[in-house]
Amino acid sequence: MNTHILIIAHAPLAHALRECAMHVFPDAGEVVAAIDVLAHDAPETSLAQALAAVQAWGGDGPTLVLTDVMGATPANVAQKLVQEDHDARLIAGVNLPMLLRSISYRQEPLDDLVARAITGGSQGVVQMCCPESSTSLSSRA
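Notes on the structure follow. Values in this document were obtained by computation on a predicted structure and should not be read as measured data.

**Re the pairing of strand S2 (residues 32-37)**
Of all six residues in S2, six are buried, a share of seventy percent or more. Of the two faces of S2, the one lined by Val32, Ala34 and Asp36 and the one lined by Ala33, Ile35 and Val37 are each fully buried. The pairing of strand S1 (residues 4-10) with S2 spans six bridges and is classified as parallel. What sits directly across from Ile7, in S2, is Ala34.

**What about the pairing of S1?**
Most of S1 sits inside the fold, with six of its seven residues counted as buried. Sheet topology note: the S1/strand S3 (residues 63-67) ladder contains five bridges and is parallel. Note that in S3 the partner of His4 across the bridge is Thr63. Once you follow S1 into helix H1 (residues 13-24) and on to S2, the crossover reads as right-handed.

**Looking at the packing of aromatic side chains**
This model, assessed by the stated rule, comprises zero aromatic pairs. Seen from the ring of Tyr105, Arg116 lies directly overhead, with NZ or CZ sitting 3.9 Å from the centre.

**Section: the packing of helix H2 (residues 43-56) against helix H3 (residues 73-83)**
Between H2 and H3, the shortest axis-to-axis distance is 9 Å and the interhelical angle comes to 50°. The angle between H2 and H3 places the two elements in the oblique class. As for the relative orientation of H2 and H3, their crossing is right-handed in sense. For the pair H2 and H3, contact is made by Pro43, Ser46, Leu47, Ala50, Leu51 and Val54 and by Thr73, Val77, Lys80 and Leu81, respectively. Per-class residue counts for the contact of H2 with H3 are seven nonpolar, two polar and one charged.

Cut-off values and rules
- Residues numbered from 1 in each chain as written.
- Predicted model: local features only at pLDDT ≥ 70, side-chain atom pairs only at ≥ 80, totals over all residues.
- Heavy atoms only, no water.
- Buried < 20%, exposed > 50% of the residue type's maximum accessible area, 1.4 Å probe, protein only.
- Helix = DSSP H or I, 4+ residues; strand = E, 2+ residues; numbered from the N terminus.
- Pairing = 2+ DSSP bridges.
- Right-handed = clockwise from strand over helix to strand, strands pointing away.
- Phe/Tyr/Trp six-rings, centres within 6.5 Å; stacked < 30°, edge-to-face > 60°.
- Lys NZ or Arg CZ within 6 Å of the ring centre and 35° of its normal.
- Axes fitted to C-alpha atoms, helices over the stretch in contact; angles between N-to-C directions.
- Parallel < 35°, antiparallel > 145°, perpendicular 65-115°, else oblique.
- Left-handed = near helix turned anticlockwise from the far one by under 90°.
- Contact = heavy atoms within 4.5 Å.
- Nonpolar A, V, L, I, M, F, W, Y, C, P; charged D, E, K, R; others polar.

Written as structure tokens, this is what we have:
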């Protein structure tokens, strides 16, 4: 059974990530949803949107929730959502490689998918500049 993927992030990140993923996996539109949390929205509003997204899937199968920053409002909303669903998992620190890996392996058991998503996200973060440039970059930090 395929896992549904819900992205809850600061606006406009959630929808932007979903759109990028749909470019690579156009057939995954029905299993990937996005909730952009606006600065002026109450957390209850975002939670209601997230619950509606999950209910739209009809409770059919597990859910992987991806959020951007641990401790921020989107992550807090996502945590409340996942606490009420034993067939859901939450990962903070979403990036495009994590999302693409999640979509690629969405047919695997949920706990295995979580491990693959985290690995994909961390492996997607690499330094890509030449050694001469690294000195000037590190001096700016």
